[in-house]
Every structure is written in structure tokens, then in C-alpha cells.
Amino acid sequence: MIVIYGIKEKLNPIKAKLSDVIHGCMQSVLGMPEDKRAHRFVPLEQDDFYYPGGRSDGYTVIEINMMAGRKPETQKKLIKALFQEIESQLALSPIDVEITIKEQQPYQWGFRGITGDEANDLKYKVNV
């Protein structure tokens, strides 16, 4: 599950393309299937979004929630792919993008009436 925050006037016009870019990186780096897109966009009023100095009003925060198991190298590869593809496809400078990965143990995920550690039919690998 991915949550994306930004100022609504900047985020709303690009959210469909940004979703495509994010999902493309998730597919190429993590092997996520095409139908495994879970993105939540949170467009904010400018006075509801405080961000660090030196950033433009295009500043965008991407929080990636995933089950624990991916190697640090894999996570770094994902972050770097996101920076590269967001800049090349959306002209959003890396200085205006913040990415965090939040991992939870599989037993801390609940979907389809079971916990993540009970799921044995995932169409992707967690330990990559």
C-alpha cells in the first residue's frame, strides 16, 4: 500500500501518471503483478502541508508500506528507480520528492480475511 501526499494544485494533475510510474517501478524492482496496485493520493491545501526549506510547491511525499522481507539492496534499488523515473517522466526534481519505506511483519498485515503470514497464494515474492 502506497500513500502519496502533495499540494493539491500540483498533485492532482499528475496523480494518474505518478501512479503509473510508481507501479512500474514496483513491478520492475519488486516483481509486483499488474493487478497489485494500491495507491492512496492525499491532495492537501497549501496551508495544510509544511515541508522543508529549499523545496518547491511540487514537493511530494511517497510512503511505501510493505511486508518485511526485502533486502536493503532491493529497497535502495526501488528508491533510486523511483527518483529516476519520477524525474524523467514527470520532470519532478529529486529534491522535491521524499520516499520512505515502512515495513511490517507479515503477521501485522490483514487482507482477504487472513493475516499476511497465513497467505500462501501471493503472486509475488516478498523475500527479494
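Details of the structure are given in the entry above.
Since the structure is predicted, the reported quantities are computational estimates derived from the model, not experimental observations.

(A) Local environment of helix H3 (residues 72–90). A rise of 1.5 Å per residue sets the reference length of H3, with its 19 residues, at 27 Å; its end C-alpha atoms lie 26 Å apart and thus fit the reference within 8%. Of all the residues in H3, the buried ones are Thr74, Gln75, Leu78, Ala81, Leu82, Ile86 and Leu90. One face of H3 carries all of its buried residues, which in axial projection span an arc of 125 degrees. Those residues of H3 that are exposed and aimed more than 90 degrees away from the buried face are Pro72, Glu73, Lys76, Lys77, Lys80, Gln84 and Ser88. The elements touched by buried residues of H3 are helix H2 (15–30), strand E3 (60–67) and strand E4 (97–104). Once H3 ends, the next one or two residues include alanine 91, with phi positive near 55 degrees.

Calculation rules
- Residues numbered from 1 in each chain as written.
- Predicted model: local features only at pLDDT ≥ 70, side-chain atom pairs only at ≥ 80, totals over all residues.
- Heavy atoms only, no water.
- Helix = DSSP H or I, 4+ residues; strand = E, 2+ residues; numbered from the N terminus.
- Expected span 1.5 Å × (residues − 1).
- Buried < 20%, exposed > 50% of the residue type's maximum accessible area, 1.4 Å probe, protein only.
- Arc of directions from axis to C-beta.
- Contact = heavy atoms within 4.5 Å.

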